[in-house]
Amino acid sequence: MLTKRIIACLDVHAGRVVKGVQFVDIVDAGDPAELAARHAREGADEIVLLDITATHEGRATLLDTVRRAARELFVPFCVGGGIRSARDAEQVFDAGADKVSVNSAALAYPALITAIGSSFGAQAVVVAIDARRDPAAADPIRDAQVLVQGGRKVTGRRVVEWACEAEQRGAGEILLTSMDSDGTRAGFDCELTAAVSQAVSIPVIASGGAGTVAHFTDVFTRGKADAALAASIFHFGVTSSRVLKAELAQAGIPMRIPC
Amino acid sequence: MRVTVIDYKAGNLTSVLKALRHLGAEPTVTDSDLTLVERAERIVLPGVGHFQATERLDRTGLTAVIRAAIARGVPFLGICVGMQWLFSGSTEAPQQPGLAAFPESCTRFSESKEKIPHVGWNSLDVRPASRLLAGVEPGAFVYFTHSYKAPVTADTAAVTTYIEPFASAIERANIFGAQFHPEKSGETGLKILRNFLAVEPEAAC
């Protein structure tokens, strides 16, 4: 049976994994290569590394970080942050990533999705969408807005519509982050995740709001997510993929239990 | 060991090379050097994306030298589209022939309420005599990402079910195929690659 995936996310700044509380109070959480290996050992189904600052000067550091993290990693490995061209993507693949995640650049230049997919396959292109409900709209889900620049700028695009376009242009997966839930540990946005998941045929990874095991059960059932991403709940030993997955399996969610 | 990895511009080879090196093999990549196939002790054909990409193998002459190497008994492993290429073709690119080491054809998953592509970790129901999958625990999980699949036949080494049962691994004499990505399937995947590197050469015909 196809299992639901638990994805461990490492937010990287200047070669270190960091965790911010609502974008301030950045705390050092460790070395990316060490943490990636630890998550894989503990049963994470996939590792995502996001360069959260993605400055031009940071490019070399990122590639070096990807290379080090990929060296002993034998589960799918996705890298995102600042990938603006097919050439950027190629460098990240050469460094050892299996997938790249594109966000603002794909919105500004949607043909980028097709360009990367035609060289590396659709399975290698993850389109990341930062979403916020529009409380003023008649239908806050259908009219949910796509944001860029870490949630600071509204694009005028609707989330479900953009997800469908990304699929048509050759995206292999959608990484949907709810800006309303992100960092709250109050649960994923299940309604929005379900709306996107039902609108596309490609897998949807839910992100933002993970705090308890029940939040994951919820997003896999009610939210119809194919995978769920979590960062902060893992880093400081709050829980591990192993514990989380065992509890989810017990709750009836199909899980790969590592030996 | 001289492992030749075939590059036909269908995706990224870094992960396959990394896994082979991790296991102590010395992989060499070629996209056109036929002598590297002629001298190979093992041949690996990875690949993601569209079946049509295998046309490059015919154009560069790789198909013919791979066919000859397989006939000499060189162990061959096709991964993902590389496994599908071992069949006579795929409905993904009906005009493009495969190697036809296996006479059947690959087809798209039937339309259902499930998503296509099949992406993620799914389990293997391993047939007991498989050498490629020797020592793999029953129900072990491996990582898949594909929309087309091979039928279950007498040459099937493992069956996986998504929408319908399909051949997740195939095996006959020195010819092996994995629909999943062993290089991305954790310890289980490494064990499978290790088995492939250890298998004794044996002529297919």
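Computed from a predicted model, the values in this text were never measured in an experiment. (Residues numbered from 1 in each chain as written. Chains lettered and ligands numbered in written order. Predicted model: local features only at pLDDT ≥ 70, side-chain atom pairs only at ≥ 80, totals over all residues. Heavy atoms only, no water.)

Chemist: How do you make sense of the overall build of chain A when you look at a structure like this?
Modeler: Across its full length, chain A holds 10 helices and 12 strands. With the C-alpha coordinates aligned to their principal axes, the bounding extent of chain A is approximately 45 × 45 × 40 Å. Residue pairs in contact within chain A that sit at least 24 positions apart in sequence constitute 63% of those at least 6 positions apart. Accessible surface for chain A amounts to roughly 10,200 Å². Of this, 52% is attributable to carbon and sulfur atoms. Within chain A, the 31 negative side-chain charges are centred at a point lying 1 Å from the centre of the 27 positive side-chain charges. (Helix = DSSP H or I, 4+ residues; strand = E, 2+ residues; numbered from the N terminus. Contact = heavy atoms within 4.5 Å. Areas by Shrake-Rupley, 256 points an atom, 1.4 Å probe, with all protein chains shown as cover. Lys, Arg positive; Asp, Glu negative; His and termini not counted. Charge placed at Lys NZ, Arg CZ, Asp CG, Glu CD.)

Chemist: In this structure, what is going on with the confidence of the model for chain B? I would like to understand it.
Modeler: Regions with low pLDDT carry predicted coordinates that are not meant to be interpreted in detail. Summary statistics for chain B give a mean pLDDT of 95 and a share of 99% for residues scoring 70 or more. Interface confidence in the predicted complex, given as ipTM, is 0.94; pTM for the same model is 0.96. (pLDDT = per-residue confidence, 0-100.)

Chemist: Looking at this model, I keep getting lost on the pairing of strand E1 (residues 2-6) of chain B. Mind explaining?
Modeler: Both faces of the sheet carry side chains from a regular strand, because those side chains alternate between them. Residues and elements named next belong to chain B. Burial runs high along E1: 4 of the 5 residues are buried. Two strands pair when backbone bridges link them, and E1 and strand E2 (residues 26-30) are joined in this way by 5 bridges, in the parallel orientation. Across the sheet, isoleucine 6 pairs through a bridge with threonine 30, a residue of E2. Once you follow E1 into helix H1 (residues 14-22) and on to E2, the crossover reads as right-handed. Relative to strand E3 (residues 42-45), E1 runs parallel, the two being bridged by 3 bridges. Directly across from threonine 4, in E3, lies its bridge partner isoleucine 43. (Buried < 20%, exposed > 50% of the residue type's maximum accessible area, 1.4 Å probe, protein only. Pairing = 2+ DSSP bridges. Right-handed = clockwise from strand over helix to strand, strands pointing away.)

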